Amino acid sequence: MTEDHVWRQIEQLLASASRRVILVAPFIKKDVFKATLAAIPSHVDNIRCVTRWSVAEVAAGVSDPEIADLAAADGRASIALCHDLHAKLYVADDVCLIGSANLTGKATGRVSVRNIELLIETSAGHPEVQRVLRAIEGMGVPGTVDLAHQIREQANLFQADEEAPRVLVAGHDERPIRWLPETRNPTRLYGVYNGRHGKVGPDVLAGILRDLAILDVAPGLGEQAFGEAVLSRLRAIPEVQRLVEAGRLSMDDVQRELMASVGCTEEQARRATGTIAEWLRYFDEVHLVPIGPWEIRQGREIT
């Protein structure tokens, strides 16, 4: 068995294709993707690739959005993004390889430092293969060249930020248990998420990118879906959970709890509480009520 045995399995499978190829892998590096396209017979023009891109993962170097440029140049391949993807499978006509290997040098054995990986051949009609293919068919968004360039630009900015949080790699690290929004102006989040940050100062931009990296929202969402994803993460903050349950939340209580649980100074806790309130006012239906200690209350303000 050769050291690049996994790659030889993939290469042989793809070379046998006559009608279609489906490539499903969370992490894909451009050099391996280029070799993958070259292994597919030229007459096969139905090539579908499903992967995932996140700013933090691209910054970590585990995935290359530039595969979109290679797909466009090839002319036969389309790319779709599935943000929760963890499955790895490769289909040529009615034959499938399933297992642990991504389309990266280390996973396929094409570089000197290799992972221990496994791919097993089965039928593309296997019920579990079909289940995964149906799931990603309904969840994918187009991995366009423009979106790829946007992700790369944000990854470069994130990588250059010395205060950026520890990079999160799917399947290896868990999200931080404790997240508090950093940027004071949540109205700018969606614009930066979409690559529109030309008028945002560098310090503000760095804070927004840090928030976006930890939020880990799937790329390519419309503004409403983006807002719903952010609100879901916001409501996971313990203090905000109590707002959802009780319909009201004392800002003084939030400050005290942040000082106790996160170790904030009084000023840091006050600022963090105000920032949470601003995010809730923008992404949710809440209002502030100055009764005794200020309260955040669920629902629109009645005027």
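Residues numbered from 1 in each chain as written. Predicted model: local features only at pLDDT ≥ 70, side-chain atom pairs only at ≥ 80, totals over all residues. Heavy atoms only, no water.

Q: When you look at the overall build of the protein in this model, what are you seeing that I'm missing?
A: A tally of regular secondary structure across the protein gives 13 helices and 10 strands. Counting only residues that meet the buried cut, the protein has 48% of its 303 residues in that class. Restricting the contact set of the protein to residue pairs at least 6 apart, pairs at least 24 apart contribute 72%. When the accessible surface of the protein is split by element, carbon and sulfur atoms take 51% of a total near 15300 Å². (Helix = DSSP H or I, 4+ residues; strand = E, 2+ residues; numbered from the N terminus. Buried < 20%, exposed > 50% of the residue type's maximum accessible area, 1.4 Å probe, protein only. Contact = heavy atoms within 4.5 Å. Areas by Shrake-Rupley, 256 points an atom, 1.4 Å probe, with all protein chains shown as cover.)

Q: Whenever I open this one, the environment of E137 confuses me. Can you help?
A: Tracing the backbone shows E137 in helix 6 (residues 127-139). Residue classification places E137 among the exposed positions, given a relative accessible area of 53%.

Q: Sorry, what's going on with the nonpolar core here?
A: As a rule of thumb, soluble globular proteins bury nonpolar side chains together. Within the largest apolar cluster, 43 residues are counted, with the highest numbers of intra-cluster contacts made by I10, L23, W53 and Y90. Counting residues in each nonpolar core, the second largest holds 24 residues, with L189, F226, I237 and I276 among its members. (Core = buried A, V, L, I, M, F, W, Y, C linked by side-chain atoms within 4.5 Å.)

Q: Please clarify how the sheet that holds strand 2 (residues 47-51) should be interpreted in this entry.
A: Adjacent strands of a sheet pair through backbone hydrogen bonds, lying either parallel or antiparallel. With mixed pairing, seven strands are arranged side by side in an open sheet as 6-5-4-1-2-3-7. Two strands lie at the open edges of the sheet, namely strand 6 (119-123) and strand 7 (141-142), each paired on one side alone. Pairing of strand 2 with strand 3 (residues 77-81) involves five bridges; the strand directions are parallel. Directly across from I47, in strand 3, lies its bridge partner A77. Contacts from helix 6 reach strand 1 (21-24), strand 2, strand 3, strand 4 (89-92), strand 5 (95-99), strand 6 and strand 7, with the element oriented near 80° to strand 2. (Pairing = 2+ DSSP bridges. Axes fitted to C-alpha atoms, helices over the stretch in contact; angles between N-to-C directions.)

Q: What should I look at first to understand the packing of aromatic side chains in this one?
A: Aromatic ring pairs: the centre-centre distance and the angle between the two ring planes describe each pair. Scanning all chains against the criterion turns up six aromatic pairs. Ring geometry for W179 versus W279: centroids 5.5 Å apart, planes at 70°, classification edge-to-face. Within this pair, whereas W179 is found in the loop between helix 7 (145-160) and helix 8 (189-193), its partner W279 is found in helix 13 (residues 266-283), the two being separated by 100 residues in sequence. Take W279: its relative accessible area is 0%, and that puts it in the buried class. Taken together, a centroid distance of 4.9 Å and an interplanar angle of 90° make the contact between Y282 and F283 edge-to-face. Classification of Y282 by relative accessible area gives partly exposed; the value is 37%. Clustering of aromatic rings is evident, with ring pairs tying together W179, W279, Y282 and F283. Lying across the ring of W7, R110 places its NZ or CZ 4.7 Å from the centre. (Phe/Tyr/Trp six-rings, centres within 6.5 Å; stacked < 30°, edge-to-face > 60°. Lys NZ or Arg CZ within 6 Å of the ring centre and 35° of its normal.)

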